[in-house]
2 protein chains.
Amino acid sequence: MEQKQYKRKIYLEDKPRAEARDEILAAFLQTAEIETIPVVDALGRVTAEPIFAHVSMPHYHASAMDGIAVVAESTYQAHEQNPLYLKIGEQCCFVDTGNAIPSPFNAVIMIEYVHIVDDETIEIIEPATPWQHIRPIGEDIVQEEMLFSQGHTLRPADLGVLLAAQELMVPVVKKPVVAIIPTGNELVEAHADLSPGKIIEFNGTVFSGFVRDWGGEPRLHSIVKDEPEKIKEVLLKAAETSDIIVINAGSSAGRKDFTVHIIDEIGEVFTHGVAARPGKPVILGKINDKIVVGVPGYPVSAYLALEWFVQPLICKYLGIPVPKRQTVPVKLGRRIVSAMGAEDFIRMNIGFVNGQFVANPLTRAAGVTMSYVRADGLLIVPPNISGYEQGDTAEVELFKPLEEIKNAIVFSGSHDLTIDLLSSHLKRARTERKIVSSHVGSMAGIMAIRKGEAHVAGIHLLDPSTKQYNRSYVNKLLAGQDVVLYPFLKRKQGWILPQGNPLGIENVTDLVRTDANFVNRQKGAGTRILFDLLLDEAGLTADEINGYDREMFSHLAVAAEVKSDEHGAGLGIYPAAKAMGLDFIPVADEEYDLVMKREFYESDSGRQVIEIIQSPAFKEEVEKIGGYQVVEHAVPKRVTEEVENEDV
Amino acid sequence: MEQKQYKRKIYLEDKPRAEARDEILAAFLQTAEIETIPVVDALGRVTAEPIFAHVSMPHYHASAMDGIAVVAESTYQAHEQNPLYLKIGEQCCFVDTGNAIPSPFNAVIMIEYVHIVDDETIEIIEPATPWQHIRPIGEDIVQEEMLFSQGHTLRPADLGVLLAAQELMVPVVKKPVVAIIPTGNELVEAHADLSPGKIIEFNGTVFSGFVRDWGGEPRLHSIVKDEPEKIKEVLLKAAETSDIIVINAGSSAGRKDFTVHIIDEIGEVFTHGVAARPGKPVILGKINDKIVVGVPGYPVSAYLALEWFVQPLICKYLGIPVPKRQTVPVKLGRRIVSAMGAEDFIRMNIGFVNGQFVANPLTRAAGVTMSYVRADGLLIVPPNISGYEQGDTAEVELFKPLEEIKNAIVFSGSHDLTIDLLSSHLKRARTERKIVSSHVGSMAGIMAIRKGEAHVAGIHLLDPSTKQYNRSYVNKLLAGQDVVLYPFLKRKQGWILPQGNPLGIENVTDLVRTDANFVNRQKGAGTRILFDLLLDEAGLTADEINGYDREMFSHLAVAAEVKSDEHGAGLGIYPAAKAMGLDFIPVADEEYDLVMKREFYESDSGRQVIEIIQSPAFKEEVEKIGGYQVVEHAVPKRVTEEVENEDV
């Protein structure tokens, strides 16, 4: 048995994604069931047949105005010099918009052009032409006219047309039932307590949401253990009771990845592995004429695979085209490397800066759900391309409305917790703006401003020679650019240590002495520059620090690492330590400032940002966090002028 | 009392739309209620507060691969020439993707690079670096990190992130309750029998759909009669139980338009009339701090007014930006006239022909719901512009995905019932294509082909001199263009008459003799040309025909008119008469053919159209309608070659 566990196919196929999809679409032969439902419940449903009108609308000659109905031919003599008098009820009658035109009348004169002489008499001074201001029968809908073809997704106004045509019931395509089966011994329900190695089963809820959004009816199964017999039983049952089957995880080639063997045994496997990253380890097959899609456990892989294979199946069932996302050409802020022979799906942040769309890749790790959630779009690198150079233009599929991306303030540079707060306040004040931030570190933030890829950058860069913050970096790296350095915060940097400081660390020398597991920040981060300075001052080198190469991208990530390790230690800001209930020993009061192009600073967005920063509500909330002081009376300084004066 | 009815303000205000909107937004001061609901039910809901993570994800150091966990430092000697043997359970252990890394291990070697010697021993030939293939704590989500700001609309993957962070409940903004009050004595519920003057109440269902789509909670009231006391009572009740009030109709200045006076009495009126067409007669006001929006009764006016004023209120309540539609620049196929001083909202058909978007206005009548339903987009003419010339480029807001418009086959020319059938078959065969047709008549259809505004035109044009159909018109009007004239149908034209033919009409002379109410077709329609020829042959003139100027745009519309009038008569195709249960007396067997540019004919779309026309299923269905014969073995003819031969 032990032996058997290691006997497994390690390599998956690399089938082109489109080929794999077309195979299952061809094999998906379910006839869509039709259900006839009340029109009032049919919003968003898809018509199953062409719908013809049973009555015309209007179904009578209707007045299009408030006024009087007349026989046009009897008014031809009316003239300003020759007023015509009509007897109410005999030669004319009052009609309101929508009223039926009684026989024998065939025209309407607007009330504005009518003089009511008395209760019995009307005076007119202009003739009417036949059928004027009358909505003829069928002006809107003609009886027997086709209102909608089959495969039409019903929108609000469509329901009105159906009701107007006296269609109270409408035949729609039944929502295809998609069975969603989560498998894995490591999975626990979301309400369970978490022990190491346990993972909350959340993909099922996400899949259900996608299926619902795409027009299907999700049926989420409870978690199935990694037991072949159990999985087999559930799959066979699902093949009876649903139209499409999705089984999550076990789709790769691991020790417990039974799925492919089971499907092979009780059905047919078309594909095991597609030429796409992430999302490669997909299983596509068939059990008793029902298509089964085995998707990988990593969230991002799973969501992509679902979109590639399950959405087209649902759309085929409904008889609608697969919706396509809006695309936009973007300038790439970084070089992007892609393996030949497979498509690469790269989650991108997109900003609209200086009149162009600039995009940067988020992490490509398939397990990082937030990279999918935070992404503004998807760059799909075709299999025959090895990537793009920085500055290249590429087409990106949008996850969000273009408008939202255009309105976003792109924040780059160093991570600080107050930026989330700023974003929150901005959202509260003006709903259409929001901050999109990427934590790349202070140096990269300055470069993003220089390259026109961000509106604002947060920096805290200590100059080892002057012991001053930020100014010299901006002067040097943004020389000749019209930028503003905006003093924002003073904040406490210090040692982040496990509760009670078990190793007794008080300075950088103690790190070496105790062989603590240090957690560093990435290159270019202000905190790392501070750490290097501390090392230098203590006469130490990076080699002597255990964990120097272990890089985290935020203060919170450092704190989280320290929290999990009795021998851990990190350098970071006070609020991060506080948030995790860790010890904190202050090292420096540093200046965390904002850099922005003057053009942005003076724009509506820029002014809103400054207004919020200067508001008492914001300051109060920031200082309540602890370890922060918002710079009072922050007046922008013209960096470029200084640069000129200093003759850099 | 009678007297009082006529005392009313006839003219409405012409307030700029944006000004009217900003006024009610400023007056809309409801604090959004927050409800905390299970994450699994929160799809599409809007976060009410910033959401922070309670746990990290992973919450332990997790293996990113299937393989073995090792202490990296103990593997540094491993080399191909110097294999290292590790004892399972002591110096290494098996881990699958997602498993926790047990202490003291700090690296993972992928299973592919591992040789399992026996149950107790592993051989490796490459060293591991510390932390390789390990997902550090918080790689995805760091505890205390802000996951979402408030005002975030939750998508499927967002639910996953919340669950992963062990947020089982989420605070969302309550959906604002929108009371929808239909008023009018002419309204009846959709299931009621219709008598003239009665209108089915369908706007309420449409409004409910819009409100739902925009994130609100509609409360549709039953129909309220035009009685001021009753309306007052319902409005006051709604102001207590809902967040926003919509009252339909009675918003203009008609005899029974009490609404504005009632709101004025029990609340405050901000606006009565905006500078926009259609949609002008809008009432905006306030009752007990609740905003009330009075919208006009005409469907299109109502839908626009709802979008202008109710959607922004809902979005303000939810704390989200008002979504904007995608826009696209289009070439205008026709001249568009617009009154100065008011915005004009013109429903447009948009086609993608010869690589550009071409748009034509649909009817501007506010009562024609189908014009809103059929529209691909909206052209908004600003108040300071008097319109556009044919061929101008203008920006149009899209009602449909761009992709759908790009895939549509634009059908122009004469109306025939089989075109709907063709559309239906096309939809069934290939879900991404569909036919968008405008009934402009044969001549206009030919011109649309000439101007590159349509892919296909249906024509049936009799040449009075040769008594032949279509050929001579194409040769003359499309001379020099590479087009295909595709013989499609033979169909029966004849007199459409009330059942039993009460006037005993058998020919055109009988129309004059009996003074029948003739219903004509529009200029350029093939049927009108046929009628003119019949007149000419009989030695009659248009003046002698009662109703000659009364123009309908389709066969069905003619039939519907005839059906409503004992003295009616029209000329049209057999199936239209049959559909309405009318008498039909054949006059001519005419040829209804298709004209298309060769480029389209030879394209994928073109070939699909021809394939369907030639399919036995289509032919059978067409001929079953009656009065039709599909041309057998239809072989396309090269019109241009003929044109050259004929030396036109």
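Please read all numbers here as calculations on a predicted model, not as lab measurements.

**Points about the environment of Val595 of chain A**
Residues and elements named next belong to chain A. With respect to the helices and strands, the residue Val595 is situated in strand S36 (residues 583–597). Here the alpha-carbon distance between Val595 and Ile449, two residues 146 residues apart in the chain, equals 7.8 Å. For Val595, the contacting residues outside a window of four places in its chain are Ile449, His455, Val456, Ala457, Ile459, Val474, Leu478, Val483, Val484 and Leu485.

**Some remarks on the packing of helix H5 (residues 228–241) of chain A against helix H6 (residues 259–266) of chain A**
All names here are of chain A. As a packed pair, H5 and H6 sit with axes 10 Å apart at the nearest point and diverge in direction by 55 degrees. On the basis of the axis angle, H5 is oblique to H6. Considering the relative orientation of H5 and H6, their crossing is right-handed. Mapping the contact onto sequence places Pro228, Ile231, Lys232, Leu235 and Leu236 in H5 and Ile262, Ile263, Glu265 and Ile266 in H6. Residues of the contact of H5 with H6, tallied by class, amount to seven nonpolar, no polar and two charged.

**Digging into the sheet that holds strand S21 (residues 290–295) of chain B**
Residues and elements named next belong to chain B. The strand order S16-S13-S17-S21-S20-S18 describes an open sheet built from six strands, whose pairing is mixed. Each edge of the sheet is formed by a strand with only one pairing partner; in this case those strands are strand S16 (217–220) and strand S18 (268–272). Taken pair by pair, the neighbouring strands of this sheet meet at an average axis angle of 20 degrees, ignoring direction. When S18 meets strand S20 (residues 283–287), the two strands line up antiparallel, connected through four bridges. Paired with Val269 across the two strands is Gly285, which belongs to S20. Its contacts with the sheet put helix H6 (residues 259–266) on strand S17 (244–248), S18, S20 and S21, and the angle it makes with S20 is roughly 30 degrees.

**A look at the interface of chain B and chain A**
One frequently used descriptor of interface size is the decrease in accessible area upon assembly of the parts. Contacts between the two partners involve 111 residues from chain B and, on the opposite side, 111 residues from chain A. Of the roughly 9,200 Å² buried between chain B and chain A, counting both surfaces, carbon and sulfur atoms make up 61%. The partner of Arg374 of chain A in a salt bridge is Glu145 of chain B, with the nearest N and O atoms 3.0 Å apart. Here chain B and chain A share 25 residue pairs in polar contact (both at pLDDT 80 or more) between them.

**Quick word on helix H19 (residues 616–625) of chain B**
Residues and elements named next belong to chain B. Taken together, the buried positions of H19 are occupied by Phe618, Lys619 and Val622. Projected onto a plane normal to the axis of H19, the buried residues spread over an arc of 95 degrees and lie on a single side. Exposed residues lying more than 90 degrees from the buried face of H19 are Pro616, Glu620 and Lys624. Where H19 is buried, its residues contact helix H10 (417–429), strand S32 (483–497), helix H18 (604–614) and strand S37 (628–630). Looking one or two residues beyond H19, the residue adopting positive phi is Gly626, at roughly 100 degrees.

**Comments concerning the packing of aromatic side chains**
Residues and elements named next belong to chain A. Summed over the entire model, instances satisfying the criterion amount to 32 aromatic pairs over all chains. Pairing Phe352 with Phe357 gives two aromatic rings, centres 4.7 Å apart and planes at 45 degrees, and the pair type is tilted. Under the relative-accessibility criterion, Phe352 is labelled partly exposed at 23%. Exposure remark for Phe357: the relative accessible area of 12% places this residue in the buried category.

**Section: the confidence of the model for chain A**
Residues and elements named next belong to chain A. Averaged over all residues, the pLDDT of chain A is 89; the fraction at 70 or higher stands at 95%. Ranking the elements of chain A by mean pLDDT puts helix H1 (residues 2–6) last, at 35, and strand S16 (residues 217–220) first, at 98. In the model, residues 1–9 has pLDDT below 50 throughout and makes 12 contacts with residues more than four positions away in sequence or in other chains. Between residues 637–648, whose pLDDT stays under 50, and residues either more than four places distant or in other chains, the model counts 21 contacts.

**Let's talk about the relation of the copies chain B and chain A**
With an RMSD of 0.1 Å, chain B superimposes on chain A once it is rotated by 180 degrees and translated 0.0 Å along the axis. Expressed as an axis order, the relation between the two copies is that of a two-fold axis. The rotation axis passes nearest to the C-alpha of Gln326 of chain B in chain B, at a distance of 4.6 Å. A shared binding surface is used by both copies, with 100% of the interface residues of chain B retained as interface residues in chain A.

**Focus: the pattern of salt bridges**
A side chain of one charge can pair with a side chain of the opposite charge if their charged atoms are brought near each other. Counted by the stated rule, this structure contains 70 salt bridges over all chains. One salt bridge connects Arg277 of chain A with Asp14 of chain A, and the closest N-O pair in it is separated by 3.3 Å. A residue pair is termed long-range when its members are at least 10 positions apart, and Arg277 of chain A in strand S19 (residues 276–277) and Asp14 of chain A in the loop between H1 and helix H2 (17–27) qualify at 263 residues. On the basis of relative accessibility, which here comes to 26%, the residue Arg277 of chain A falls in the partly exposed class. When its relative accessible area of 40% is taken as the criterion, Asp14 of chain A is described as partly exposed. We note a salt bridge from Asp589 of chain B to Lys492 of chain B, for which the minimum N-O separation is 2.8 Å. Here the residue Asp589 of chain B occupies a position in strand S36 (residues 583–597), and Lys492 of chain B occupies one in strand S32, the gap between them amounting to 97 residues.

Calculation rules
- Residues numbered from 1 in each chain as written.
- Chains lettered and ligands numbered in written order.
- Predicted model: local features only at pLDDT ≥ 70, side-chain atom pairs only at ≥ 80, totals over all residues.
- Heavy atoms only, no water.
- Helix = DSSP H or I, 4+ residues; strand = E, 2+ residues; numbered from the N terminus.
- Contact = heavy atoms within 4.5 Å.
- Axes fitted to C-alpha atoms, helices over the stretch in contact; angles between N-to-C directions.
- Parallel < 35°, antiparallel > 145°, perpendicular 65-115°, else oblique.
- Left-handed = near helix turned anticlockwise from the far one by under 90°.
- Nonpolar A, V, L, I, M, F, W, Y, C, P; charged D, E, K, R; others polar.
- Pairing = 2+ DSSP bridges.
- Buried area = accessible area lost by both parts, 1.4 Å probe.
- Salt bridge = Lys/Arg side-chain N within 4 Å of Asp/Glu carboxyl O.
- Polar contact = N/O pair within 3.5 Å; in protein donor to acceptor, adjacent residues only side chain to side chain.
- Buried < 20%, exposed > 50% of the residue type's maximum accessible area, 1.4 Å probe, protein only.
- Arc of directions from axis to C-beta.
- Phe/Tyr/Trp six-rings, centres within 6.5 Å; stacked < 30°, edge-to-face > 60°.
- pLDDT = per-residue confidence, 0-100.
- Least-squares fit on C-alpha atoms with pLDDT ≥ 70 in both.

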